[in-house]
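Structure at a glance
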Amino acid sequence: MIKKLKTKIIVVITVILFLVFAFQLITLNIINFQNKYQDGCRSAGLLAKKFNAFSSESGSQSSYPDFVAPEGYYAVLFDTTGSVRAIVSGGVTAATEQDLQKYITAVFAKEKKEGQVYDMFYALEESPLGNILVLTDNSGMRASTHRMLLLSFIAAIAAAGLSFALAWFIAGQIVAPVAKSFEKQKQFISDAGHELKTPLTVIGANADLLESEIGDNKWLGYIRSETSRMNGLVLNLLTLARMDNAEQKGLVATEFDLSKTIEEMAMVFESVAFENNLTMETDIDSGFSLKGNRDEIKQLASILLDNAVKHSEKGGKITVSLKHGKSKGKILFRVSNQGDPIPESEREKIFERFYRADESRTGSENRFGLGLAIAKSIAERHKGQISVSCNSGITAFTVQF
């Protein structure tokens with residue numbers, strides 16, 4: 001449980017920190033792109049204004065000065081009728097006439113006076129002699145943007161590692177007192193369980209001696225009943241404590257026949273079901289094996305079968321099945337019974353320790369809310385999952401191995 005809690009905390013903190021880093025990196029890339037875009041448009045605009053100023057002063061259509069641009073550029077000068085009267089280029093340029101025509105068409109299809117078309121920044125300037133279109137290469141912006149993205153990717157990987165390291169440290173600090181408290185709780189349950197066994201044994205023995213002297217009566221029946229309940233509670237507490245300790249040490253697993261194990265437990269409870277005016281049907285496929293602790297699986301089956309018997313309606317039916325799961329290699333063990341459905345709000349809580357649903361459902365003595373908690377612990381120790389579903393008056397507990 002502590003490991004799962006720590007894992008969840010690590011995942012949550014890592015994701016939060018990484019998202020913060022990622023948001024900052026994305027923001028920086030957006031700002032960098034916008035700045036480069038604005039610089040490119042501004043450069044094209046300034047170049048267009050220079051051509052406009054020269055054209056207005058000299059009116060010459062044959063020679064233009066070699067304007068300096070950060071990248072290669074084209075200046076396309078139009079006359080008042082919209083025809084091209086001159087094309088001036090500078091820097092490193094390699095556009096063909098088809099490319100220029102494509103750029104010009106794209107620019108005039110836009111409503112903005114400056115911007116980007118394909119791989120060129122553009123600026124359109126009005127002149128007394130006709131419009132002036134300046135196109136500048138944006139390869140510098142692309143290279144800068146790609147470098148920024150590459151650095152951001154490297155920074156993201158580093159941020160992920162840093163986030164995980166911080167999350168690991170923070171989770172350790174958060175979980176430490178919880179783990180300490182949980183260890184004390186487990187030790188208390190184990191110690192209390194062992195301490196209670198002796199007085200309960202003494203009470204039972206004295207009740208037997210007293211019966212031999214005064215005979216049986218209802219008061220001795222009460223003593224025996226409550227002693228039996230307390231013995232059951234102590235046994236469950238010790239079982240949970242044993243499993244908690246075994247969880248830290250790991251499961252000592254051996255290969256065993258799961259199909260035969262489930263069949264044996266179903267046969268044991270068949271007579272119990274008959275005594276309670278219930279019918280039991282089995283649909284157990286043979287050939288299933290499981291690597292784990294056979295005694296614990298028998299206890300898991302016993303808990304689910306006992307739960308089905310206790311909560312079945314009179315004259316109802318209990319079904320036990322062992323089948324292949326939908327996923328390859330998965331095994332589904334299911335115990336279902338006819339009876340009152342479990343409210344949806346309680347279906348997850350019933351696997352918690354000492355949780356009991358409404359007394360109208362439990363309605364039976366010796367119910368401590370520990371059986372399903374033990375079943376869940378056994379399932380998880382065998383790398384399985386346990387769940388409950390209620391449909392059409394049938395409650396089914398399913399364990400997937």
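What to know about the overall build of the protein
Along its length, the protein carries 8 helices and 12 strands. Going through the 401 residues of the protein one by one, you find that 38% of them count as buried. Residue pairs at least 24 apart in sequence account for 65% of intrachain contacts in the protein once pairs closer than 6 positions are excluded. Looking at the protein as shown, the accessible area adds up to about 23500 Å², and 57% of this sits on carbon and sulfur atoms.

A closer look at a nonpolar patch on the surface
Together, Leu150, Leu151, Phe153, Ile154 and Ile157 give the surface a local cluster of nonpolar side chains, amounting to about 540 Å² of exposed area. Here Ile154 lies in helix 3 (residues 139–214). Using a relative accessible area of 49% as the deciding quantity, one classes Ile154 as partly exposed.

Observations concerning the nonpolar core
Counting 40 residues, the largest nonpolar core has Leu258, Leu304, Val320, Phe333 and Phe401 as the members making the most contacts within it. Listing elements by their share of this core, those giving two or more residues are helix 5 (258–275), strand 7 (279–284), helix 6 (294–311), strand 9 (317–324), strand 10 (331–338), helix 8 (371–381), strand 11 (385–391) and strand 12 (394–400). If one sorts the elements of this core by residue count, helix 6 sits on top with 8 residues. With near-sequence residues (within four places) excluded, Leu258 lies in contact with Phe288, Ser289, Leu290, Ile297, Leu322, Ile331 and Phe401. Residues Cys41, Ala44, Phe121 and Ala123 belong to the second largest nonpolar core, which totals 15 residues.

As for the packing of aromatic side chains
Centre-to-centre distance and the angle between the planes together describe a pair of aromatic rings. Evaluation of the coordinates by the stated rule reveals 6 aromatic pairs. Look at Tyr103 and Tyr118: their rings are 6.1 Å apart centre to centre, the planes differ by 45 degrees, and that puts the pair in the tilted class. Note that Tyr103 is positioned in helix 2 (residues 97–109) and Tyr118 in the loop between strand 3 (114–117) and strand 4 (120–125), a separation of 15 residues in sequence. Taking relative accessible area as the criterion, Tyr103 reaches 4% and is therefore assigned buried. Members of the aromatic cluster, each reached through a chain of ring pairs, are Phe33, Tyr37 and Phe121. Here Lys102 stacks its cationic end above the ring of Tyr118, 4.5 Å away from the centre of that ring.

Some points on unusual backbone geometry
Excluding glycine, residues mostly carry a negative phi; peptide bonds, for their part, are mostly trans. With a phi angle near 55 degrees, Tyr118 is a residue other than glycine that sits in the positive phi range. By relative accessible area, Tyr118 is classed as exposed at 53%.

Considerations on the sheet that holds strand 10
An order of 7-9-10-12-11 is seen for the 5 strands of this open sheet, with the pairing classed as mixed. Of all strands in the sheet, those bounded by a partner on one side alone are strand 7 and strand 11. When the angles between neighbouring strand axes are averaged without regard to direction, this sheet yields 15 degrees. Direction of pairing for strand 7 relative to strand 9: parallel, over a ladder of 6 bridges. In the sheet register, Glu281 faces strand 9, and the bridge partner there is Thr319.

Considerations on the packing of helix 5 against helix 6
Put simply, helix 5 and helix 6 touch, their axes get as near as 10 Å, and they point 35 degrees apart. Seen along the crossing, helix 5 lies across helix 6 with a hand that is right-handed. Contacts between helix 5 and helix 6 involve Leu258, Thr261, Ile262, Glu264, Met265, Ala266, Phe269 and Val272 from the first element and Arg294, Ile297, Lys298, Ala301, Ser302, Leu305, Asp306 and Val309 from the second. Here the residues of the contact of helix 5 with helix 6 are counted per class, giving 10 nonpolar, 2 polar and 4 charged.

Details of the confidence of the model for the protein
For the protein, the average pLDDT comes to 78, and 81% of its residues sit at 70 or higher. In this model residues 358–366 is a low-confidence stretch, pLDDT under 50, and it forms 10 contacts with partners more than four residues away in sequence or in other chains.

Overview of the pattern of salt bridges
Using the criterion set out here, one finds 8 salt bridges in the structure. Between Arg294 and Glu264 there is a salt bridge, with its nearest N and O atoms 2.8 Å apart. One end of the pair, Arg294, is in helix 6; the other, Glu264, is in helix 5, with 30 residues separating them in the sequence. Assessed through its relative accessible area of 28%, Arg294 is described here as partly exposed. Within this structure, Asp283, Asp285 and Lys323 form a network of salt bridges that share partners.

Parameters at a glance
Residues numbered from 1 in each chain as written. Predicted model: local features only at pLDDT ≥ 70, side-chain atom pairs only at ≥ 80, totals over all residues. Heavy atoms only, no water. Helix = DSSP H or I, 4+ residues; strand = E, 2+ residues; numbered from the N terminus. Buried < 20%, exposed > 50% of the residue type's maximum accessible area, 1.4 Å probe, protein only. Contact = heavy atoms within 4.5 Å. Areas by Shrake-Rupley, 256 points an atom, 1.4 Å probe, with all protein chains shown as cover. Patch = residues over 30% accessible without salt bridge, like charges linked within 9 Å, V, L, I, M, F, W, Y side chains within 5 Å. Salt bridge = Lys/Arg side-chain N within 4 Å of Asp/Glu carboxyl O. Core = buried A, V, L, I, M, F, W, Y, C linked by side-chain atoms within 4.5 Å. Phe/Tyr/Trp six-rings, centres within 6.5 Å; stacked < 30°, edge-to-face > 60°. Lys NZ or Arg CZ within 6 Å of the ring centre and 35° of its normal. Pairing = 2+ DSSP bridges. Axes fitted to C-alpha atoms, helices over the stretch in contact; angles between N-to-C directions. Left-handed = near helix turned anticlockwise from the far one by under 90°. Nonpolar A, V, L, I, M, F, W, Y, C, P; charged D, E, K, R; others polar. pLDDT = per-residue confidence, 0-100.

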